[in-house]
Structure formats: C-alpha cells, structure tokens
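Observations on the three-dimensional arrangement
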Amino acid sequence: MSTPWVEKYRPKKLDEVSAQSNVIRVLSNQLKSANMPHLLFYGPPGTGKTSTILAMARELFGPQLMKSRVLELNASDERGISIVRDKVKNFARLSVTNPTPEDKENYPCPPYKLIILDEADSMTFDAQSALRRIMENYSHITRFCIICNYITRIIDPITSRCSKFRFSPLNSANSLATLKMISQSEELDIDDDSLTQILDISNGDLRKSINFLQTGHKLFGEDSIENIAGLIPQNLVQSLIETLQSKNLNKIYEFLYMLVLKSYNSATILTSLHSCLLLKNIYLNSEQKIEVSRILYETDSKLSSGSDEFIQMLNLFLQLSKIF
Amino acid sequence: MSLWADKYRPKTLDDLDYHGKISNMLSSLATSGDFPHLLFHGPSGAGKKTRILATLRQIYGPNIEKLKVDPKVFVTATKRKLEFNVVSSPNHLEITPSDMNNNDRVVIQDLLKEVAQTETIDFTHVADHKNRFKVVIINEAELLTRDAQAALRRTMEKYSANIRLVLVCNSISSIIEPIKSRTLLIRVAAPTDEEMGSVFEKVLRDQPEVAKSFPADETERQQIYSKIAKVTDHNLRTGLLLLEALYSYNPSITTKTPMIMPDWENVIKKLAIGIVTERTVSKLQQSRTDLYELISHSIPAKLILKKLTIEFWRLVDEDSKIKDKDTVKMDIVQQASIFDERLSLGSKDIFHLEGFITKVMVVLEKNVS
C-alpha cells in the first residue's frame with residue numbers, strides 16, 4: 001500500500017469535485033476573474049472542503065508555483081497564538097514572487113498568496129482573534145481560506161470577513177459514481193449493492209466510504225459489511241427492542257451485560273436505537289417518540305461528558321422500557 | 001518463573017484460541033502488504049494486545065520482541081520540559097497517553113511526525129518493499145484528549161507511506177468521528193464461558209502436576225471455569241491469574257472452593273448491605289469512613305459507584321420487604337446515572353458518592369413496608 005485512496009483520488013480540478021455544484025459554480029466564476037475574497041468553508045466531514053480548496057489552489061497557481069504561494073496549516077501543526085503571530089504573519093506579509101513565464105501562460109497566477117487553515121475549529125479563540133488584523137492588513141497580497149466543521153466555533157469577527165460556503169452532505173447518486181470510478185480503476189470485484197450499503201453506513205461522508213472501501217475490500221467476502229464497519233447487526237437490535245418491551249428488568253440487565261462483553265459500544269447502540277425507534281418505527285406514537293428522543297439526548301450528553309457506559313446504558317434501557 | 005497469563009500468551013496468529021474470524025482477517029491484512037490503520041476495541045482482557053503483537057510478528061518476524069525503552073524529552077508550548085518513556089522495537093513503538101497528562105497533543109505532534117518523516121532504510125529486506133512502514137501502537141486511546149485526536153487526523157493521511165497507527169481502546173465512544181473514519185475497526189469481544197474454559201483446559205493439560213489438584217471430572221472443572229469467568233467479568237487475563245491463585249492457595253480445588261475476591265469488593269458489598277438494611281443519618285456517617293478508606297486506596301470513585309449500583313440491584317431483588325421492585329431499581333439506576341455524570345464533571349468525589357447513597361436511602365425508604 002502506498003497512498004491512501006483518499007489522497008490518490010483527490011480531485012485535481014474544481015470540476016472533478018463531486019456534488020457541491022453551487023459552491024463550485026461560484027468558485028469557478030471567481031477563478032475566471034482571478035479575484036477572490038477570503039473564504040470560509042464549513043460542513044460535515046468528508047464533503048469535499050479540503051479537496052475543493054486544494055483543487056482551486058492548483059488551478060490558480062499550477063503545481064510549481066503552488067509550493068511557494070500556498071501555506072497549509074492543519075490541526076497536526078502547532079497553531080497557538082504564537083504561531084499565528086510568527087509563521088502566519090510572516091508568510092502573510094511576504095510580497096508575492098513573480099511566476100515563471102510558463103506558469104503565467106497556463107494558469108491565472110493572481111498576485112496573492114493563499115493561506116489554508118484546515119480544521120480551524122480546533123484553533124483557540126485567542127489565536128483566532130490574532131488573525132483578525134492580519135487578514136485585513138495584508139489583504140492586498142494574501143487570501144485566507146478557513147475550513148471548519150462547526151461554524152459556531154469560529155469567532156464572529158472572522159466569519160464577517162469571509163464569504164461563507166456551506167458544504168452539504170453528498171447525495172448518494174454522486175458518491176456512488178465516485179465509488180464506482182474508484183473500484184473500477186482499482187479493479188475491485190464489488191457489486192452495486194455493497195457499494196450502496198457502504199454509502200448507507202457512512203452517512204454522506206465520502207471520505208469515510210472511500211476509506212472503508214480501501215480498508216475493507218479484501219474482507220467483504222468473509223464477513224458482512226455491517227460487521228466490518230462495527231455496526232450492530234439488525235437482528236440484535238430487534239431482539240434488544242423485544243427485550244425492552246418485555247419490561248423484565250433482570251432480562252434487560254442480562255442483555256446489556258451481553259452487549260458489553262461483545263464490545264458493542266454505546267455510541268453505536270445509541271445510533272441504531274435512534275434510527276430504529278425514531279426514523280423507521282411505526283408502532284410508536286408521536287408523544288412516545290418525543291420521550292424517546294429526550295432520553296436518547298440525555299444519555300448522549302452524559303456519555304460525552306465521560307461518564308460510565310454501563311450505568312448510562314442501563315439507565316437508558318430502563319427508561320426506554322418504561323415508554324413501551 | 002513467569003505468570004501463567006504471560007507464559008501462555010499466544011505469540012502467533014495461528015496460536016490464538018478464539019475469534020478465528022478476526023485472526024483470518026488480520027493475517028490476510030498482514031500478508032497483503034496493504035495494511036490499513038487499525039482501531040482495536042473491546043473489554044479488557046479480551047486479547048486485543050495479544051492479537052496486535054501476533055499480527056506484527058507475522059509482518060516483521062520475531063524482531064518485534066526485542067523491546068527497549070527510550071526516554072524521550074519534549075518541550076511544551078510553555079517551555080516546560082516533559083520526559084516520558086517510549087517502548088520500541090526496530091519496527092514499532094508504543095506510547096500510552098496517560099503518561100503524558102494534558103500534553104499529549106505535543107507528544108503526538110512531535111513524536112509521530114518525527115517517526116513519520118523518517119523513512120525506514122532496511123537492508124535486510126531489500127527485496128521486500130511491501131512493509132516499509134513503522135507501526136505506532138497507542139494504548140488507551142480513549143484517554144487521548146480531543147486536541148490530540150484532532151492532531152492525528154492529517155498525520156494519518158499525509159504520512160501514510162511511512163507510518164501505520166494501531167489504536168487500542170476499551171470503548172470507541174470517546175474517539176472522534178474523523179479518526180474512526182480513517183481506521184478499520186476491529187471488535188474483539190470478550191471470550192465466552194466455553195472459550196475461557198478451553199483456554200484453562202489447555203493450560204492445565206500442559207501442566208499435569210497442576211491438573212492433579214483440580215477435579216478429575218470434566219463437568220466439575222467446567223463449573224469452576226464458568227465461576228471464574230463470572231467473577232472476572234470474562235476477563236481472560238484476570239481469569240488466568242485467578243486460576244493460578246486458586247491453585248497456589250488451595251491444595252485441592254473442588255466446585256465449592258470459594259473464589260478469591262479482592263478486599264475492596266468485599267468492602268463495597270458490606271457497605272451496600274448496610275445501606276439497604278439501615279437507612280439513617282448515622283449510617284450515612286459510617287459509610288463516609290468506608291468511602292474514604294476506598295478512595296484512599298485509590299479505587300476510582302466511578303468504579304465504587306458502579307459496583308454499588310450493581311450490588312443494590314442484586315440486594316433489591318433479594319429483599320422481600322421492598323414492594324414495587326421495578327420502580328425502585330429504575331430509580332436507583334437513574335440516580336446512579338445522574339451522579340455518575342456529576343462525578344465526571346466535578347472534582348470532589350466524596351460529595352457525589354455520599355449524595356448518591358443518600359438518594360438511594362430516600363428511594364428505599366419510600367418503598368419499604
């Protein structure tokens with residue numbers, strides 16, 4: 001294995017980015033005029049934010065010039081306030097180099113540099129506020145592209161300086177086409193049904209599905225896709241719900257103990273209960289559903305603050321059994 | 001003389017006793033040369049680490065067992081020096097985030113990048129270009145802070161030519177989604193009664209001396225095995241330790257031989273019985289001393305709470321004076337869930353434990369005739 005497929009099949013041009021047609025249209029227009037504002041991309045993981053900006057940078061500067069014109073910082077780099085003050089500022093205030101004649105012929109090569117701050121929601125607020133003036137002061141020679149999952153974690157002064165683009169989860173037709181393309185060029189023996197199943201599991205996260213295709217493709221024959229993905233098999237969820245309906249507390253306790261031993265973790269139990277009880281279920285009325293979602297929410301919040309899984313799941317199951 | 005748990009630890013994938021499916025999967029990954037990042041999860045003592053080491057052995061050969069400990073020094077953002085040990089072999093290294101407290105982000109950023117940016121030059125495998133990567137095992141991955149996990153994201157993609165990560169954790173609930181989407185999840189379930197039994201059986205067969213002190217009848221032996229499985233929560237490592245302890249404490253072992261329980265569990269049991277039978281302020285004061293005793297012996301408060309809850313559950317079932325058992329149990333568990341959350345948010349454990357006990361007393365008082 002050399003490169004992960006996610007990198008190997010990362011789009012090289014803007015048009016190749018799957019879906020996100022609105023964003024791409026706007027950006028291609030900007031590409032023509034070679035002028036662009038600061039950008040802020042936000043949206044769930046695996047929707048093509050990083051791919052889009054990398055492809056765009058490539059089309060703007062060409063592979064050669066890109067090295068000197070683009071600075072990419074992500075969460076794996078130290079990004080405290082000192083880095084913003086030193087590294088980012090120093091890069092931002094460098095004047096732009098002249099492109100070689102070849103580059104100039106083939107690419108627009110606009111007279112500014114590009115700083116990509118990937119995964120910006122893990123930057124501290126202090127570091128973000130240090131960015132504010134830098135963005136304005138050097139706007140004649142530097143553009144920023146800020147990428148994040150949660151726009152609420154970016155401070156207002158930054159968002160107001162950027163034009164915002166929302167990346168929505170990919171629809172399945174588009175992702176299916178991409179997966180098919182990959183499996184063809186990798187010569188995988190895989191049918192459409194399995195591909196659709198992979199997409200279902202990854203919930204519109206294209207990177208997840210590509211990664212899953214790569215890591216799991218050798219094992220698909222040996223085991224069910226649900227199992228490889230670490231999901232709870234449907235029949236187990238069904239028997240869980242039946243056990244809850246029986247209202248026999250000791251039986252519920254035993255069932256939970258079994259789940260814990262089999263190492264099905266609570267996060268996946270929560271998601272499968274959610275999809276089974278709220279999205280698919282027909283035999284609960286609206287009031288019951290409201291109650292179910294309240295209980296699921298409470299358990300999730302308690303779990304994310306790091307409390308013990310066994311107790312929380314036991315509480316969840318007991319509370320749910322009260323509703324049926 | 002080494003402990004049975006170490007002595008009988010399988011070394012290769014073929015030696016593994018159970019979860020044949022996982023072993024096949026791992027061995028096909030190891031031989032293919034297309035080795036993804038892995039995330040092992042499962043209860044402790046299920047055999048996660050054994051499987052990882054066996055897989056690595058299949059990739060690199062016995063070299064993997066030549067372990068050495070390197071002290072490494074890191075400088076944090078605040079210019080504080082941070083020292084900790086990295087266990088490494090020529091082909092892999094192992095880190096445990098709990099060694100480095102809140103500075104794990106720095107370590108992850110520095111150490112992994114350092115490893116990832118150096119390519120392995122290995123003259124012994126000139127012909128074999130397949131596995132030119134180093135493996136980094138991160139133990140207790142659920143203890144990595146969010147920042148550290150975020151720092152892993154790009155490193156995993158960018159340097160994947162040189163580095164493979166193997167994360168080990170008990171539960172993947174606190175692993176962030178981007179990491180999960182970059183790894184292949186491998187669920188190692190705890191062994192069942194029969195699987196544990198067959199491992200114990202194998203150990204005894206290997207030592208005829210020891211086997212003499214166990215009952216000759218097979219079903220009786222099985223009963224002992226399932227008893228061990230039950231008290232150890234299907235943890236194979238403690239199971240083997242317990243088996244060894246039973247053997248060295250008792251000249252001969254029958255189905256009636258009591259299991260050796262840790263002292264603190266007995267203390268918690270007594271505490272729970274006291275609380276259920278006597279619900280008064282003076283009892284509350286007494287329990288405070290017990291709780292302090294437990295905490296000062298560094299039993300984690302969360303474990304105390306969990307054990308107490310389980311004990312209460314059992315006691316409520318047994319107590320004939322309590323009416324409406326289901327409601328009582330539900331209320332107790334609900335209170336446990338509330339106080340468990342408070343334990344993780346708050347900092348003074350004793351308050352929350354006492355609060356929980358008081359609430360349980362109130363619940364019981366309402367329902368006792």
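Look up: the structure comes first, before these words.
Not measured: the values here are computed from a predicted model.

This brings us to the layout of surface pockets. Quantified by volume, the second largest pocket comes out at close to 570 Å³. Lining the second largest pocket we find 32 residues, and of these A:Arg10, A:Pro11, A:Gly48, A:Ser51 and A:Leu206 sit closest to its centre. Within the residue set of the lining of the second largest pocket, elements represented by two or more residues are helix H1 (5-8), helix H3 (49-69), strand S4 (142-148), helix H8 (172-185) and helix H10 (206-216) of chain A together with helix H5 (146-158) of chain B. Within the lining of the second largest pocket, the residues separate by chemical class into 11 nonpolar, 8 polar and 13 charged.

Right, let's talk about the packing of helix H13 (residues 301-318) of chain B against helix H14 (residues 325-345) of chain B for a bit. Packed helices, taken two at a time, are described by their axes: the angle between them and the distance between them. Residue and element names in this part refer to chain B. Their axes nearest at 10 Å, the elements H13 and H14 cross at an angle of 175°. As the angle between them shows, H13 and H14 are arranged roughly antiparallel. Contacts between H13 and H14 involve Ala301, Lys302, Leu305, Thr309, Phe312, Trp313, Val316 and Asp317 from the former and Lys325, Val328, Lys329, Ile332, Val333, Ala336, Phe339, Asp340, Leu343 and Ser344 from the latter. Class assignment for the residues of the contact of H13 with H14 results in 11 nonpolar, 2 polar and 5 charged.

We now examine empty space enclosed by the protein. Residues and elements named next belong to chain A. A complete count under the given rule lists 3 cavities of 30 Å³ or more for this structure. The space that makes up the second largest cavity amounts to roughly 40 Å³. Lining of the second largest cavity is provided by Leu117, Ala120, Met123, Gln128, Leu131, Ile146, Ile154 and Ile158. Per-class residue counts for the lining of the second largest cavity are 7 nonpolar, 1 polar and no charged.

What follows deals with the interface of chain A and chain B. Taken together, the contact pairs 58 residues of chain A with 60 residues of chain B. Counting each side, the surface lost to burial between chain A and chain B is near 5,200 Å², with a carbon and sulfur contribution of 51%. Joining chain A to chain B, the criterion identifies 1 salt bridge. For the salt bridge of A:Glu119 with B:Arg153, the shortest nitrogen-to-oxygen distance reads 3.4 Å. Linking chain A with chain B are 13 residue pairs in polar contact (both at pLDDT 80 or more).

What the rule picks out here adds up to 9 aromatic pairs over all chains. Ring geometry for A:Phe41 against A:Phe165: centres 5.6 Å apart, planes inclined by 85°, an arrangement best described as edge-to-face. Of this pair, A:Phe41 sits in strand S1 (residues 39-42) while A:Phe165 sits in strand S5 (residues 163-166); the two residues are 124 residues apart in sequence, bridging distant segments of the chain. A:Phe165 matches A:Phe41 in its accessibility class, with the two residues each being buried. Aromatic pair B:Phe200 and B:Tyr225: ring centres 5.4 Å apart, planes at 55°, arrangement tilted. Here B:Tyr225 lies in helix H9 (residues 218-231) and B:Phe200 lies in helix H7 (residues 193-206), a separation of 25 residues in the sequence. Comparing B:Phe200 with B:Tyr225, the two get one shared label, buried. Clustering of aromatic rings is evident, with ring pairs tying together A:Phe41, A:Phe165 and A:Phe167. Over the aromatic face of A:Tyr112 sits the side chain of A:Arg143, whose NZ or CZ is 4.5 Å from the ring centroid.

Thresholds, definitions, all that
Residues numbered from 1 in each chain as written. Chains lettered and ligands numbered in written order. Predicted model: local features only at pLDDT ≥ 70, side-chain atom pairs only at ≥ 80, totals over all residues. Heavy atoms only, no water. 1 Å grid on protein atoms, 1.4 Å probe; cavity = no way out; pocket = protein on both sides within 12 Å on 5 of 7 lines; lining within 4 Å. Points joined across faces, edges and corners; volume = space filled by probe spheres on them. Helix = DSSP H or I, 4+ residues; strand = E, 2+ residues; numbered from the N terminus. Nonpolar A, V, L, I, M, F, W, Y, C, P; charged D, E, K, R; others polar. Axes fitted to C-alpha atoms, helices over the stretch in contact; angles between N-to-C directions. Parallel < 35°, antiparallel > 145°, perpendicular 65-115°, else oblique. Contact = heavy atoms within 4.5 Å. Buried area = accessible area lost by both parts, 1.4 Å probe. Salt bridge = Lys/Arg side-chain N within 4 Å of Asp/Glu carboxyl O. Polar contact = N/O pair within 3.5 Å; in protein donor to acceptor, adjacent residues only side chain to side chain. Phe/Tyr/Trp six-rings, centres within 6.5 Å; stacked < 30°, edge-to-face > 60°. Buried < 20%, exposed > 50% of the residue type's maximum accessible area, 1.4 Å probe, protein only. Lys NZ or Arg CZ within 6 Å of the ring centre and 35° of its normal.

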